[in-house]
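Below, each chain spelled out in residue letters.
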Amino acid sequence: MSKLKDESIIIREVWASNLEYEFSLIRQVIHQYSFISLDTEFPGVIHLPKIDRRYVTPSEHYRYLKANVDALNLIQVGLTLSDAHGNLPNFGGSNCYLWEFNFCDFDINNDLYNQDSIDMLRRQGIDFDRNFSHGVDSLSFAKLMFSSVLLFHKSIVWVTFSSAYDFGYLVKILTRKNLPNRLEDFLNVIEALFGKNVYDMKHMMKFCHALYGGLERVATILNVSRAAGKSHQAGSDSLLTWHVFKKMIDTCFVNNMAQKHAGVLFGLEMIAVK
């Protein structure tokens, strides 16, 4: 691995009590740190196709995605902000920071979920009772997203890994509606909200012959270690996603060749709307 845990990188835990303050910090730095790596945690999936996922068409993939996102609630969002050189915000100090938003929307006692996913998230340290009692309300989060310059911003670059569900949950809480019925409409909403500079590494890996598997496996192949936090927590995974993306660009793509993959989400490629 290229490096051990970096104690100077701090994950800022965001709850209802400090939501507005943390967004005020993001607004201070977004113009300087305009690369945003995104990850979410949610209660797994409860609707699955009955055939091998490799043979599911993009429209069928979206139909199951919509069914799951409409029925389930978000647990965490992780955002890592960086500049083009890989620097994270430090606010003039010796530490640098990223953000992990904990949501109150998911009620483990009443909401639907996939038991295996919940067991795994609990093992990784997520406290569902604390989230429910002290977490961020997604309506408040959505209002601050709209006022924070993170949306409708042509200069922001979004970096993700297999992000159809990540964007599905964000579109749901930002629009306060179930997802659109048609895949084309869903992709158009993503482009309207997040712009055209959206990169999904899981799709881009198709053009890097040595890369395969999930985020952890790709990180291992590229000799990138987790610099802060634990796997399957949104803040830590957003940071690992950013570090893997930078290494992948340096390893597999030259002369801005990655740009042709902007706006294409893994699993939804065939009907991507430009």
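As the structure is a computational prediction, the values presented were derived from the model and not from experiment.

Caption draft 1: Structural context of helix α5 (residues 138-147). Among the residues making up α5, those that are buried are Ser-138, Phe-141, Ala-142, Leu-144 and Met-145. For α5, the buried positions fall inside an angular range of 170° around the axis, keeping them on one side. Looking at the buried positions of α5, the neighbouring elements they touch are α1 (19-29), β3 (76-82), β4 (96-102), β5 (157-160) and α6 (164-175). With a side-chain oxygen lying 3.0 Å from the backbone nitrogen of Leu-139, the N-terminal cap of α5 falls on Asp-137. Trailing α5 by a residue or two, Val-149 shows a phi angle of about 75°, which is positive.

Caption draft 2: Up close: the nonpolar core. If you look at the biggest cluster of nonpolar residues, it comprises 50 residues, and the most contacted ones within it are Phe-101, Phe-141, Trp-158, Phe-186 and Phe-194. Elements supplying a minimum of two residues to this core: α1, β2 (35-41), α2 (58-71), β3, β4, α5, α6 and α7 (183-194). The dominant element in this core, judged by the number of residues it contributes, is α6, at eight residues. Once you skip the residues sitting within four places of it in the chain, Phe-186 turns out to touch Tyr-62, Ala-164, Phe-167, Gly-168, Val-171, Leu-179, Pro-180 and Leu-268. Tyr-199, Met-204, Leu-211 and Leu-222 belong to the second-largest nonpolar core, a separate cluster that totals 23 residues.

Reading the values: the criteria
Residues numbered from 1 in each chain as written. Predicted model: local features only at pLDDT ≥ 70, side-chain atom pairs only at ≥ 80, totals over all residues. Heavy atoms only, no water. Buried < 20%, exposed > 50% of the residue type's maximum accessible area, 1.4 Å probe, protein only. Helix = DSSP H or I, 4+ residues; strand = E, 2+ residues; numbered from the N terminus. Arc of directions from axis to C-beta. Contact = heavy atoms within 4.5 Å. Polar contact = N/O pair within 3.5 Å; in protein donor to acceptor, adjacent residues only side chain to side chain. Core = buried A, V, L, I, M, F, W, Y, C linked by side-chain atoms within 4.5 Å.

None of this, on its own, says anything about what the molecule does.
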